[in-house]
Amino acid sequence: MNPFDYIFQPANSPASRHLLLLHGTGGDENDMLPIGQHLLPGAAILSPRGKISENGAPRFFRRFGPGQLDVNDWKFRSGELADFLDQQDEKRELDPALRVAAGYSNGANIAQGLLLLRPESIGAAVLFRPMFVTDDVPNTDLEGRRVLVLSGTADPLRHPADPDRLVRLLLDRGARVDSHLLPAGHELTPADIDIAHDWIASLT
């Protein structure tokens, strides 16, 4: 199996949680590092690069076109990423229950896959600008999982109903979900980062 390219930064403070950073289309393992360092200063960070290339742009799973996600590949790649996390946990003695996944766009959608298909691999998730991928997923028990959904009111890359459908899907499986609609497009804003920082700090 082709391994993930990734960056691992050990903790440099006694932060109880650690971060999994998941970039958007065209990003790589470096893109989210400045955000991660603001979200949870001093925490250990694991940041993989998506294996799929879309005309040279890294992604975590395939799509057929803008807004047309390959759900079967999403399921496969979510499992593949979860297996990678299992390996990293064994190698680095990381507790998956203390892992906070922070994903942007395509990265938020693969984080969604971890939650819905392999929830044992993460303890909480911040989903920046996610889409609703599918409800064709197992009725997984997400009791105890915390999720923050941050959507832009003027995001042209999602369906208007996506945030509500995603929140409902997670709530129906027992997750505790906080959701915010921000006056923004698809791009991240300082408000996104500040809200996510404060939310992660509130996790117990």
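So, here's what we can say about the structure. The written sequence of each chain sets the order in which its residues are numbered from 1. In keeping with the predicted nature of the model, local features appear solely for residues at pLDDT of at least 70, side-chain atom pairs appear and are counted solely at 80 or more, and the whole-chain, interface and lining totals rest on all residues. Water and hydrogen atoms play no part in the side-chain values, which are based on all heavy atoms of the structure.

**Some remarks on the side chain of aspartate 162**
- For aspartate 162, the location among the structural elements is in helix α4 (residues 162–172).
- Each residue gets one of three labels from its accessible area relative to the maximum for its type: buried under 20%, exposed over 50%, partly exposed in between, using a 1.4 Å probe on protein chains only. Residues counted as positive are Lys and Arg, residues counted as negative are Asp and Glu, and His and the chain ends are not counted. Any carboxyl oxygen of Asp or Glu within 4 Å of a side-chain nitrogen of Lys or Arg constitutes a salt bridge here. Buried and unpaired, aspartate 162 has no salt bridge, with arginine 165 as the nearest side chain of opposite charge at 4.8 Å. Numbering goes from the N terminus for both helices and strands, where a helix is a DSSP run of H or I of at least four residues and a strand is a run of E of at least two.

**Notes on the layout of surface pockets**
- Space inside the largest pocket adds up to approximately 190 Å³.
- Taken together, 15 residues form the lining of the largest pocket, with Thr25, Arg59, Arg63, Ser105 and Leu157 sitting closest to its centre. Only protein atoms enter the calculation, which uses a 1 Å grid: trapped sets of points that fit a 1.4 Å probe without letting it out are cavities, open sets showing protein on both sides within 12 Å along at least five of seven lines are pockets, and any residue with an atom within 4 Å of a point is a lining residue. Grid points are joined across faces, edges and corners, and a volume is the space filled by probe spheres set on the points.

**Things to note about the pairing of strand β11 (residues 176–182)**
- Between any two strands, at least two bridges found by DSSP are needed for them to pair. Note: strand β10 (residues 146–152) against β11, seven bridges, orientation parallel. Looking at the pairing, leucine 150 lines up with histidine 180 of β11.

**A closer look at helix α3 (residues 106–117)**
- Each helix should span, by expectation, one fewer than its residue count multiplied by 1.5 Å. For α3, with 12 residues, the first-to-last C-alpha span of 16 Å sits near the 16 Å given by 1.5 Å per residue.
- With respect to burial, α3 is a largely interior element, 11 of its 12 residues being buried.
- What α3 keeps buried is the set Asn106, Gly107, Ala108, Asn109, Ile110, Ala111, Gln112, Gly113, Leu114, Leu115 and Leu116.

**A few points about the sheet that holds strand β1 (residues 6–9)**
- Here we have seven strands laid out as an open sheet, ordered β1-β3-β2-β8-β9-β10-β11, and mixed in their pairing. Edge positions in the sheet fall to β1 and β11, since each has one partner strand and no second. The average angle at which neighbouring strand axes cross in this sheet is 10 degrees, direction not considered.
- The pairing of strand β2 (residues 18–22) with strand β8 (residues 99–104) spans five bridges and is parallel. Paired with leucine 19 across the bridge in β8 is valine 100.
- Helix-sheet contacts for α3 involve β2, β8, β9 (124–128) and β10, and the interaxial angle to β8 is about 140 degrees. With axes taken as lines fitted to C-alpha atoms, and helix axes fitted only over the stretch in contact, angles between N-to-C directions fall between 0 and 180 degrees. Contacts are assigned to residue pairs that have any heavy atoms within 4.5 Å of one another.

**Focus: the nonpolar core**
- Leu20, Leu127, Val147 and Leu170 are the most contacted members of the largest nonpolar core, which has 35 residues in total.
- Elements represented by at least two residues in this core include exactly β2, α2 (71–92), α3, β9, β10 and α4.
- Counting residues per element, this core draws most heavily on α3, at six residues.
- Setting aside residues up to four positions removed in sequence, leucine 127 forms contacts with Gly103, Ala108, Ala111, Gln112, Val147, Leu148, Val149, Leu150 and Leu166.
- Each nonpolar core is a collection of buried residues, namely Ala, Val, Leu, Ile, Met, Phe, Trp, Tyr and Cys, held together in the definition by side-chain atoms within 4.5 Å. Grouped together as the second largest cluster of nonpolar side chains are 23 residues, Val100, Leu150, Leu182 and Leu203 included.

**Observations regarding empty space enclosed by the protein**
- Considering all chains together, one arrives at one cavity of 30 Å³ or more under this definition.
- Computed from the structure, the largest cavity encloses a volume of approximately 50 Å³.
- In terms of lining residues, the largest cavity is bounded by Phe4, Gly50, Lys51, Phe60, Arg77, Glu80, Leu81 and Ile110.
- Side-chain classes are defined by residue name, with Ala, Val, Leu, Ile, Met, Phe, Trp, Tyr, Cys and Pro counting as nonpolar, Asp, Glu, Lys and Arg as charged, and the others, Gly among them, as polar. A per-class count over the lining of the largest cavity returns four nonpolar, one polar and three charged.

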